[in-house]
4 protein chains.
Amino acid sequence: MNTIGQNITLTLFGESHGEAIGAVLDGMTAGIAVDEAFIAEQLSKRRPQGATDTARQEQDHFKIVSGVFNGYTTGAPICIIIPNENTRSGDYAKTYGLARPSHADYTAHVKYSGFEDYRGGGHFSGRITAAIVAAGAIAIKALEGKGVRIGTHILSCGGVRDVDFCTNAESIEHGIEVLNSKTFPVVNHIEEDITNAIIGVKNNLDSIGGIVQTAITGLEAGIGEPWFDSLEGVIAKAVFAIGGVKGIEFGKGFDLANMTGATANDPFCIENGAVRTRTNNNGGINGGISNGMPVVFNTAVKPTPSISQSQQTINFLTGKEETLNLTGRHDPAIVRRICIVISSMVAIVLCDMLSIKNGQNYLR
Amino acid sequence: MNTIGQNITLTLFGESHGEAIGAVLDGMTAGIAVDEAFIAEQLSKRRPQGATDTARQEQDHFKIVSGVFNGYTTGAPICIIIPNENTRSGDYAKTYGLARPSHADYTAHVKYSGFEDYRGGGHFSGRITAAIVAAGAIAIKALEGKGVRIGTHILSCGGVRDVDFCTNAESIEHGIEVLNSKTFPVVNHIEEDITNAIIGVKNNLDSIGGIVQTAITGLEAGIGEPWFDSLEGVIAKAVFAIGGVKGIEFGKGFDLANMTGATANDPFCIENGAVRTRTNNNGGINGGISNGMPVVFNTAVKPTPSISQSQQTINFLTGKEETLNLTGRHDPAIVRRICIVISSMVAIVLCDMLSIKNGQNYLR
Amino acid sequence: MNTIGQNITLTLFGESHGEAIGAVLDGMTAGIAVDEAFIAEQLSKRRPQGATDTARQEQDHFKIVSGVFNGYTTGAPICIIIPNENTRSGDYAKTYGLARPSHADYTAHVKYSGFEDYRGGGHFSGRITAAIVAAGAIAIKALEGKGVRIGTHILSCGGVRDVDFCTNAESIEHGIEVLNSKTFPVVNHIEEDITNAIIGVKNNLDSIGGIVQTAITGLEAGIGEPWFDSLEGVIAKAVFAIGGVKGIEFGKGFDLANMTGATANDPFCIENGAVRTRTNNNGGINGGISNGMPVVFNTAVKPTPSISQSQQTINFLTGKEETLNLTGRHDPAIVRRICIVISSMVAIVLCDMLSIKNGQNYLR
Amino acid sequence: MNTIGQNITLTLFGESHGEAIGAVLDGMTAGIAVDEAFIAEQLSKRRPQGATDTARQEQDHFKIVSGVFNGYTTGAPICIIIPNENTRSGDYAKTYGLARPSHADYTAHVKYSGFEDYRGGGHFSGRITAAIVAAGAIAIKALEGKGVRIGTHILSCGGVRDVDFCTNAESIEHGIEVLNSKTFPVVNHIEEDITNAIIGVKNNLDSIGGIVQTAITGLEAGIGEPWFDSLEGVIAKAVFAIGGVKGIEFGKGFDLANMTGATANDPFCIENGAVRTRTNNNGGINGGISNGMPVVFNTAVKPTPSISQSQQTINFLTGKEETLNLTGRHDPAIVRRICIVISSMVAIVLCDMLSIKNGQNYLR
């Protein structure tokens, strides 16, 4: 339920307005340097900032409770705790029962028979993704030690588009470097355009979605399995865990549906003695297994369901229809903040898959 | 690797040109009637037919080796064996080393260090999906007993489009009924148009992809988990197991990326005393959990990589670039045949999720 | 690695001298009352006390960080944190390298390549069992709501024996009640005899083992699986997780090896309309599945490896043989403290198995 | 349920009187030579023979249906089928309802709600262990390639005892060699004594149990996990899967309960530059992890429940008490036949654990 992975696992816990959120990262190789400053830096990329994000401010003061000793992973489970601050729980009890459309209020109520912690989305809150980012930072560093790099950027939002790593494979290495140096995850200079687009919908009391794109370079060929643990399937399951995700496609994805084999197939070639493909329409994966090319996938992010306009809904306690007028602090778009979450999540499952293939000491 | 599921599991085995393929379906509730004629009928929907499919003909004479007694499941693992017939293995040894572009030849070679069974795609062959369909037939019947129905149809191929269940929720029940009565899975009368489109590319020595759409009705609210076992994630992992799948989206999926919250959100309402949503842009899932509306998702299917045109590739035994001229029997498109595979695969994971929630005897 | 269970899982983390230890209990049904006083009471049964235990004193001030709201489980993962107090880490660095015989020092060093947290046994420390007891308290209460009761007592230690639940089935219900009311887990009035035996070996700078026995009453028939998830196998795996355990036997266990079928078989009978067996040599389990009789098993607990006598050992940093003289605080016997740990651990896996059979809401 | 393992898994299927039994071994490294003659030889060790076993004779004509190509494992799942022959199903329908004491008839009936295949024990039959032996033969060969050897012998039966590997570590290597060359698994020349003891109880219309002992040599230090995947726990779960097993102990096991630390602890020493322990009371495992010494454990096997004497029981269809007079072919003891099953089962989980630590190609 709240655990993912086979040899390296991540377990999440916490609620938006509870005492703390956190994660347990287990199975991670002993002897990986843990850089708390890097974790803090990664968390800062997820943190709300500027006019495009929620006004809820948290410092994400994380604490590594176990599994790290003298600056290195010990091989024991790593528990990271992030206390909740700046919670305003009082707001929630009086609106309980009013199901915010496209939120989990109603489904949580059904699933947990009325015992759900409803404050601020409870366990469904995007707040928990901070724990993914903190744990993912350790995984990202471990992967870097093996030459694997990950970057996620906003591919499109509000009509503004960034460079496409799927068709511009040569730009990926540079792009990831650019992304790692910025808090607004775009390669081209389109921060302002996207910001303006988001502020536009926000001023309209509305929200907006977008497409984000992830690229992984340096991943060896041979990772993944033919059927149920295909690289696509494992990544997809991990990415769909993140709230707001409604679609994923690898390589050219849905565009492949309109192509023919002659143009969609990626011809193999030899470059500098290495096996490559001339195009990368399959996103670096053949038969569920990495082929040594960059792995590229796009994630569809829906508009934040919390909007300030009036909405029709029901009260599931009374069974009546009602009008909902949301107040409070909300993100008009999560495309910026979700990028680091996806990279972090994917880093963890890649560590797992590399360990399965190469053994539990490989990542050191 | 070749096993999926938690309380109800499916394990696959077999190769295209080995002795047999098959599946073990474990954890299925005891006391479910097993209708061998229905299994045969489901298999016939996957079987090649007409001008649009491969000329390889197999009768799929399955045998239930265990787990069924006096016509009912016993609760013990159900092993289904489908012997391979009509194999022409001689063709393959001489072309071994030539990596078919966008196929698994190269990645299998890397992963299995040269020990892979390369005949006809070996364990990667679409042939193994027959075992999914056979096992899925038992799951589909079990679900029907609980009022859950599944249908998958070709939403678009070669420029031809079928009705969209995401925007026409009222047409779903009827649509599924139509689909179950036909071997060409479309609701509207577009069989001929799609067939012609496929024959067109085939005559061009090419292949074509498409988008298929799946709808699930009657699924109770409350199925799925907030994070890693979200209904989207579990379905996505299962669907990406099927060869040729490169994308999946729930509800309006990638279109949501261009929408705003005001139009994307699905307002809740009460209809005949039941909680419903007025639109179904989220495909029946909120916060990873079913909300009682039809679950709708689209799957992107790439063009079959086997085409009869010359292709540039490498020989991974020699490390040289070569030209590949494929002969043999291939599907110019798999959109028709994949529909029943997706429905079958999804039926199995839904049985699992319903059993997790309601107990191991629920499905009887 | 540090997670056990299928539908209900327990994840452990923490080290003896780290910041905190804890557990994540996931999948537990929503709506179970959480009684913090009961958790504290259970923890007090594990806490050192009197002359027979280590002098290390901790108050086990646990904090439930998530998954409980308004006094009830919410269905989200329950994270319980127990901060470490009263640690004396300074002692350990100077003896690092000296492998305490029959402890995990050497194996941890090999497994974690020298990155292990070696202070006080690190992640191997019995201290982590406090987290099992805290999480288990919630499970024990949930089981009580379903009529399932668990008790573990010292069956034998230092030549002193308690009543045997395997041969005195009629005494079990009363025995469990007695055990729950005491901190020294024996049914008969043998506390003093056992204490004296332990103090005797302690004065001899030595330690001692024992056999503890667990009984489970009220467990419905039909729990367990024929092969790999046999009730014996699932319980055994859980119990072997606890340090110091070197054997487990169900019913008459090893004594069955010397019996014949005519005396070992448990004849079925009808008592008050219910199916029972006249004897319970099989410990309530036939074919891996509970038969409705009390489940009874014995656990072999080895003498605490930490003793104050000089011992021959090696220094794994130098590769030389050395003499080890342990100082510090140690338990001369853990048979008393392990009883509540075993009951707690077993309660969690029973909750899991009952949920698998009866659904995720069954335990409410 | 019927699948065990993490990176290498075994799935069982089949019933005593169904069409066939079999197993799927998945995740096994590609490139391991598969010796069908060796598999047949291993199966012959499990087969009934002589006066001490059941008169049911089967040739165990196994067929490897998938996963092996040109004599080597391919990395794909290996399905092995063993057809059932010589079944006499007619016997069973008329006695259905009469619960054989200490058999699974009643518990299967409860668990599967009357849909169980009751013929000859159905899926609970010891017959299925032939599939474990066949799959285990591949694992045993893979382990031998890494210097790991396994042997299981009858330690005691009917008052006759064999050499104890726990106290005679120097005899293990020779002992395993002896065991591998014989079909009656004892090291000393006690075949006749044990045979006579078994024939004695058989003539008395009774059955008998025993203790079997397993030794593993050449296993590297560092295998296992501190808590839930302790080497003891993983082996115990696998061994309890086998019918008739009611206890397991590692090293001196239950005898440790009566020892003190000074005699129970195994002092470390250096021998020929390698870390060893002078005694092996802990059976080669410290803190759940292998320490490089031979792993030794004993398994308690209960008397075969099928005996020819009259027994008191119930008819669970009528709810009445009845007298049971069993006819048919039964083993008066399974201690001989179970030895190869335990070795095979343990070989599979060891392959899994070695792969987890050293990667999926390690075993080649």
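Refer to the structure presented above.
This report concerns the structure included in the present document. Bear in mind the structure is a predicted one, so any value in this text is a computation, not a measurement.

Focus: the overall build of chain A
Next, step 1: On a plain count of helices and strands, chain A comes out with nine helices and 18 strands.
Next, step 2: Against the 2.2 N^0.38 benchmark of 21 Å for 364 residues, chain A shows a C-alpha radius of gyration of 21 Å, consistent with a compact globule.
Next, step 3: Its C-alpha atoms put chain A at 65 × 50 × 35 Å along the principal axes.
Next, step 4: For chain A, the exposed area adds up to about 10800 Å²; of that, 48% sits on carbon and sulfur atoms.
Next, step 5: In chain A, which carries 29 positive and 36 negative side-chain charges, the distance between the mean positions of the two groups comes to 3 Å.

Brief notes about the packing of helix 7 (residues 231–240) of chain A against helix 7 (residues 231–240) of chain B
Next, step 1: Where helix 7 of chain A meets helix 7 of chain B, the axes come as close as 8 Å, and the angle between the chain directions of the two elements is 170°. Looking at the two axes, helix 7 of chain A sits roughly antiparallel to helix 7 of chain B. Contact residues: A:Glu232, A:Gly233, A:Val234, A:Ala236, A:Lys237 and A:Phe240 in helix 7 of chain A; B:Glu232, B:Gly233, B:Val234, B:Ala236, B:Lys237 and B:Phe240 in helix 7 of chain B.
Next, step 2: Here the contact of helix 7 of chain A with helix 7 of chain B is composed, by residue class, of six nonpolar, two polar and four charged.

As for the sheet that holds strand 1 (residues 3–4) of chain C
Residues and elements named next belong to chain C.
Next, step 1: The five strands are arranged 1-2-3-7-4 in an open sheet whose pairing can be described as antiparallel. Either end of the sheet is taken by a strand with one partner, and the two such strands are strand 1 and strand 4 (63–64).
Next, step 2: Where strand 1 and strand 2 (residues 9–14) come together, two bridges link them in antiparallel fashion. Across the sheet, Thr3 pairs through a bridge with Thr11, a residue of strand 2.
Next, step 3: Of the strands in this sheet, strand 2, strand 3 (20–26) and strand 7 (78–83) are in contact with helix 4 (residues 129–144), which crosses strand 7 at around 140°.

Regarding the interface of chain B and chain A
One frequent convention defines the size of an interface as the accessible area lost when the parts assemble.
Next, step 1: Taken together, the contact between chain B and chain A spans 96 residues of the former and 96 residues of the latter.
Next, step 2: Buried surface at the junction of chain B and chain A, summed over both partners, amounts to about 7700 Å²; 63% is from carbon and sulfur atoms.
Next, step 3: If you sort the residues of chain B by the area they bury against chain A, B:Trp227, B:Phe228 and B:Lys246 come out on top, with a joint share of 14%.
Next, step 4: Summed over the shared surface of chain B and chain A, the number is eight salt bridges.
Next, step 5: The partner of A:Glu321 in a salt bridge is B:Arg278, and the shortest N-O contact between them spans 3.5 Å.
Next, step 6: On the surface where chain B and chain A come into contact, there are 47 residue pairs in polar contact (both at pLDDT 80 or more).
Next, step 7: Residues that form the side of chain B that touches chain A fall into these classes: 48 nonpolar, 34 polar and 14 charged.
Next, step 8: Pairing of strand 11 (residues 245–250) of chain A with strand 11 (residues 245–250) of chain B, which is carried by three bridges, proceeds in the antiparallel orientation. Paired with A:Glu249 across the two strands is B:Gly247, which belongs to strand 11 of chain B.

Remarks on helix 6 (residues 191–203) of chain A
All names here are of chain A.
Next, step 1: Compared with the 18 Å implied by 1.5 Å per residue over 13 residues, the 18 Å span of helix 6 between its first and last C-alpha is a close match.
Next, step 2: Along helix 6, the residues that are buried comprise Ile194, Ala197, Ile198 and Val201. Burial along helix 6 is one-sided: seen end-on, the buried residues are contained in an arc of 95°. Residues of helix 6 that are exposed and angled more than 90 degrees away from the buried face: Glu192 and Asn203.

Conventions adopted
- Residues numbered from 1 in each chain as written.
- Chains lettered and ligands numbered in written order.
- Predicted model: local features only at pLDDT ≥ 70, side-chain atom pairs only at ≥ 80, totals over all residues.
- Heavy atoms only, no water.
- Helix = DSSP H or I, 4+ residues; strand = E, 2+ residues; numbered from the N terminus.
- Rg over C-alpha atoms; globule rule 2.2 N^0.38 Å.
- Areas by Shrake-Rupley, 256 points an atom, 1.4 Å probe, with all protein chains shown as cover.
- Lys, Arg positive; Asp, Glu negative; His and termini not counted.
- Charge placed at Lys NZ, Arg CZ, Asp CG, Glu CD.
- Axes fitted to C-alpha atoms, helices over the stretch in contact; angles between N-to-C directions.
- Parallel < 35°, antiparallel > 145°, perpendicular 65-115°, else oblique.
- Contact = heavy atoms within 4.5 Å.
- Nonpolar A, V, L, I, M, F, W, Y, C, P; charged D, E, K, R; others polar.
- Pairing = 2+ DSSP bridges.
- Buried area = accessible area lost by both parts, 1.4 Å probe.
- Salt bridge = Lys/Arg side-chain N within 4 Å of Asp/Glu carboxyl O.
- Polar contact = N/O pair within 3.5 Å; in protein donor to acceptor, adjacent residues only side chain to side chain.
- Expected span 1.5 Å × (residues − 1).
- Buried < 20%, exposed > 50% of the residue type's maximum accessible area, 1.4 Å probe, protein only.
- Arc of directions from axis to C-beta.

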